[in-house]
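Residues per chain are reported as follows:
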Amino acid sequence: MKKEKALVRANISKLVSDSLGDKEYMNEIVVLLNNNIEEFCDSTTISLKAKDRYSIFRAAHKIINGLEMIQAYVLLDYITMIQKECQYMDNFTNIKNLFIDFKMEYAYVLKEINSQIDNL
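What counts, and where the lines are drawn
Residues numbered from 1 in each chain as written. Predicted model: local features only at pLDDT ≥ 70, side-chain atom pairs only at ≥ 80, totals over all residues. Heavy atoms only, no water. Helix = DSSP H or I, 4+ residues; strand = E, 2+ residues; numbered from the N terminus. Buried < 20%, exposed > 50% of the residue type's maximum accessible area, 1.4 Å probe, protein only. Contact = heavy atoms within 4.5 Å. Areas by Shrake-Rupley, 256 points an atom, 1.4 Å probe, with all protein chains shown as cover. Phe/Tyr/Trp six-rings, centres within 6.5 Å; stacked < 30°, edge-to-face > 60°.

Student: Would you explain the overall build of the protein chain in this entry?
Tutor: For the protein chain, the helix and strand inventory stands at six helices and zero strands. Starting at the N terminus and walking to the C terminus, you meet the elements of the protein chain as α-α-α-α-α-α. C-alpha atoms of the protein chain, sized along the principal axes, occupy 45 × 40 × 20 Å. Sorting the 120 residues of the protein chain into buried and exposed places 38% on the buried side. Contacts spanning at least 24 positions in sequence make up 70% of the contacts within the protein chain whose residues lie at least 6 apart. Roughly 7900 Å² of accessible area belongs to the protein chain as shown, and the carbon and sulfur atoms make up 52% of that amount.

Okay, structure coming up:
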């Protein structure tokens with residue numbers, strides 16, 4: 001019987017390598033990423049009310065590199081789906097639901113990142 005690996009929501013190995021293991025620097029990067037995610041959430045909340053798909057698409061695009069840096073592939077999938085909905089569909093209900101799911105998943109990702117940094 002095979003053992004299944006636990007779902008890893010983020011992997012900071014690339015961040016550790018790029019920062020040469022400096023915990024203070026990694027924490028600063030995580031704070032910057034968190035600020036960018038908060039900006040995305042604020043902007044998207046306003047844009048959903050205004051039904052502005054283009055602004056949602058741009059806000060989502062701004063956080064892709066940060067999510068790639070921490071290898072948060074589930075969040076990247078949400079961003080990809082949000083962008084596709086913005087480009088090809090005119091259904092804000094789907095965008096809103098994806099956005100809600102993104103925010104819930106991000107809470108878990110942030111907890112995972114902080115745990116990985118603490119365990120270094």
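Student: Where do I start with the packing of aromatic side chains in this structure?
Tutor: Two descriptors summarise a pair of aromatic rings, namely the distance from one centre to the other and the angle between the planes of the rings. Across all of its chains, the model carries two aromatic pairs by this definition. Seen in terms of ring centroids, Phe40 and Phe99 are 5.8 Å apart; in terms of plane orientation they differ by 80 degrees. Their pairing is edge-to-face. With Phe40 in helix α2 (residues 23-50) and Phe99 in helix α6 (residues 92-118), this pair connects stretches of sequence that are 59 residues apart. The class of Phe40 is buried, set by a relative accessible area of 2%. Where Phe40 meets Phe102, the ring centres are 5.2 Å apart and the plane angle is 75 degrees; that geometry is what we call edge-to-face. Here Phe102 lies in helix α6 and Phe40 lies in helix α2, a separation of 62 residues in the sequence. Neither Phe40 nor Phe102 differs from the other in exposure class; each is buried.

Student: I'm lost on unusual backbone geometry in this one. Help?
Tutor: Residues apart from glycine generally show negative phi values, whereas peptide bonds are mostly found in trans. Non-glycine residue Lys51 carries a positive phi angle of around 55 degrees. As for its position among the elements, Lys51 is in the loop between α2 and α3 (53-62).

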